[in-house]
Amino acid sequence: MDFIKIILHDTSFNFALEIIFRCIIMFILIIIFLRFSGKRGVRQLSLFELAIILSLGSAAGDPMFNDDIPIVQALIVFAVIILLYRFTTYLIMKSDTFETMLEGRPMYIVKEGLLIVEDIKQEKYSYDEFFAELRQNKIEHLGQVKSALLETDGCLSVIPYAKDNIKWGLPIFPDHYQKAKRFDSKTYYSCMLCGQTQFISSLNAQCPRCKCERWAESAFYCESNSIQPSD
Ligand SMILES: [Zn+2]
């Protein structure tokens, strides 16, 4: 075993400088690419933190199985990434604009029982994914939801209505989130795209909010708080 080769190999001062430069470029690229992917971070991790972990992981990975990559180069990568991390955290603390640029801002998905369609599209957040999360929060239909926000760490915050304020709303369980088959002028229907809930003139009526023409029968009763539908 040649210890000099393991630690240093042929690392020149120039190549060390090149590594610093490559790190900065790659670090910026990772953040930009993640930010542009439109996806939120892994649970509890902001994109920025994920970028740190990916960079560290990748720098840690290469010297493990490449016999011509000395450990000192990975150490330089680590040092640069940690310094960038410290510096970026400092900037985030100092500037709200910078923080929003880097981590995004919390986004309303539901307001007053209605879906904010533009924001959902912008976040590339699928209805399936979103409904699943609401169901995990013991929500059965959107009439129960005062507001739901997608946080910057990818978590969903749900603020339900108090029992007495629950309204008719779009059902989110697969059995009920379905195009209505029977029409009744005294039944509430909910737009399947935006959650708009109202009486409609026919099953092909256009939603006044989003112009969609798909209606599901609205839900009111929910098991979790045992409210009976009222007439
Ligand atoms: Zn609609």
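All figures in this text were calculated on a predicted structure; none of them were measured in a lab.

Draft legend 1. Expanded view of the overall build of the protein chain. Looking only at helices and strands, the protein chain has 7 helices and 7 strands in total. Taken from N to C terminus, the helices and strands of the protein chain fall in the order α-α-α-α-α-β-β-α-α-β-β-β-β-β. Here the protein chain holds 231 residues, and the buried ones make up 39% of them. At a minimum sequence separation of 6, the contacts of the protein chain that also span at least 24 residues come to 59%. Split by element, the accessible area of the protein chain, about 14,000 Å² in all, is 60% carbon and sulfur.

Draft legend 2. Here's a closer look at the pairing of strand β3 (residues 145-150). Most of β3 sits out of view: 5 of its 6 residues are buried. Taken together, the 4 bridges between strand β1 (residues 107-111) and β3 define a ladder with antiparallel strand orientation. Among the inter-strand pairings, V110 is bridged to a residue of β3, identified as A148. By the bridge criterion, 5 bridges tie β3 to strand β4 (residues 156-160) in an arrangement that is antiparallel. Residue pairing across strands places S147 opposite I159, the latter belonging to β4.

Draft legend 3. Summary view of the coordination of the zinc ion. Within the protein, the atoms that donate to the zinc ion are C191 (SG), C194 (SG), C207 (SG) and C210 (SG), at distances of 2.2 to 2.3 Å. Each of the 4 donor atoms bound to the zinc ion contributes to angles spanning 99 to 116°, and the resulting shape is tetrahedral. Sequence spacing of the donor residues for the zinc ion, all on one chain, is C-x2-C-x12-C-x2-C. Within this pair, whereas C191 is found in strand β5 (residues 189-191), its partner C210 is found in the loop between β6 (197-198) and β7 (215-217), the two being separated by 19 residues in sequence. C191 sits in the buried class, given a relative accessible area of 0%.

Draft legend 4. Just the confidence of the model for the protein chain, in detail. A residue-level look at the protein chain finds 87% of positions with pLDDT of 70 or above and a mean pLDDT of 84. Confidence drops under pLDDT 50 across residues 225-231; counting only partners more than four residues distant or on other chains, this segment forms 16 contacts.

About the criteria used
- Residues numbered from 1 in each chain as written.
- Predicted model: local features only at pLDDT ≥ 70, side-chain atom pairs only at ≥ 80, totals over all residues.
- Heavy atoms only, no water.
- Helix = DSSP H or I, 4+ residues; strand = E, 2+ residues; numbered from the N terminus.
- Buried < 20%, exposed > 50% of the residue type's maximum accessible area, 1.4 Å probe, protein only.
- Contact = heavy atoms within 4.5 Å.
- Areas by Shrake-Rupley, 256 points an atom, 1.4 Å probe, with all protein chains shown as cover.
- Pairing = 2+ DSSP bridges.
- Donors = N, O, S within 2.8 Å, 3.2 Å for Na, K, Ca; no water.
- Tetrahedral: all angles 85-135°; square planar, octahedral: opposite > 155°, others 65-115°.
- pLDDT = per-residue confidence, 0-100.

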